[in-house]
Amino acid sequence: MAAPAAGAETGGALHVTVLSPERTVFEGTADSVIAPAFNGSLGILRGHAPLMSLLGEGSLRITTGGKELRYNVAGGFLQVANNEVTVLSERADEA
């Protein structure tokens, strides 16, 4: 059975989860995500095509409600599917 499309219950926002080996660093809705991919920055908005990318080292920026949250990440993966962004990072700390 297919799950309902993400974002329908959040008024069209992205659902973002940032995980490190120790804990869930962030989980919630966002308007946009800018991530340090292995070979450059990657911007994600609602409706982004499915994607899987290696993470580089740098600042992960999550914009939600006009406020920007920053996390320092290093290594790992990022996945985008059905307006859900999952970041699995070897290291993720609040900036």
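Read on for an overview of the structure.

The rules we used
Residues numbered from 1 in each chain as written. Predicted model: local features only at pLDDT ≥ 70, side-chain atom pairs only at ≥ 80, totals over all residues. Heavy atoms only, no water. Helix = DSSP H or I, 4+ residues; strand = E, 2+ residues; numbered from the N terminus. Buried < 20%, exposed > 50% of the residue type's maximum accessible area, 1.4 Å probe, protein only. Contact = heavy atoms within 4.5 Å. Areas by Shrake-Rupley, 256 points an atom, 1.4 Å probe, with all protein chains shown as cover. Pairing = 2+ DSSP bridges. Core = buried A, V, L, I, M, F, W, Y, C linked by side-chain atoms within 4.5 Å. Salt bridge = Lys/Arg side-chain N within 4 Å of Asp/Glu carboxyl O.

What follows concerns the overall build of the protein. A count of helices and strands for the protein gives zero helices and eight strands. In sequence order, the secondary structure elements of the protein are arranged as β-β-β-β-β-β-β-β. Buried positions account for 39% of the 95 residues belonging to the protein. In the protein, once contacts between residues fewer than 6 apart in sequence are set aside, the share between residues at least 24 apart is 45%. For the protein, the accessible surface area stands at approximately 5400 Å², while carbon and sulfur atoms represent 52% of it.

Here six bridges tie strand β1 (residues 14–19) to strand β2 (residues 24–30), and the two strands are oriented antiparallel to one another. Paired with leucine 14 across the two strands is alanine 30, which belongs to β2. Between β1 and β2, which pair antiparallel and follow one another directly, the connecting turn spans four residues. For β1 and strand β8 (residues 84–94), the ladder comprises five bridges, and the chain directions are parallel. Across the sheet, valine 16 pairs through a bridge with valine 85, a residue of β8.

Judged by nonpolar contacts, the single largest core of 22 residues is most densely connected at Val16, Val18, Ile44, Leu60, Ile62, Leu78 and Val85. Those elements that provide at least two residues to this core are β1, β2, β3 (32–37), β4 (40–45), β6 (57–64), β7 (67–81) and β8. Examining the composition of this core, we find that five residues originate from one element, β7, more than from any other. If we ignore the near neighbours within four places in the chain, the residues touching leucine 78 are Ala35, Leu42, Ile44, Leu51, Met52, Ser53, Leu55, Val85, Thr86 and Val87.

Okay, the pattern of salt bridges next. Throughout the structure, instances matching the rule amount to three salt bridges. The residue glutamate 68 makes a salt bridge to arginine 70 at a minimum N-O spacing of 3.0 Å. Judged by relative accessible area, glutamate 68 falls into the partly exposed class, the value being 37%. Linking aspartate 93 and arginine 91 is a salt bridge whose minimum nitrogen-to-oxygen distance equals 3.9 Å. Judged by its relative accessible area of 34%, aspartate 93 is partly exposed. You can call arginine 91 partly exposed: its relative accessible area is 33%.

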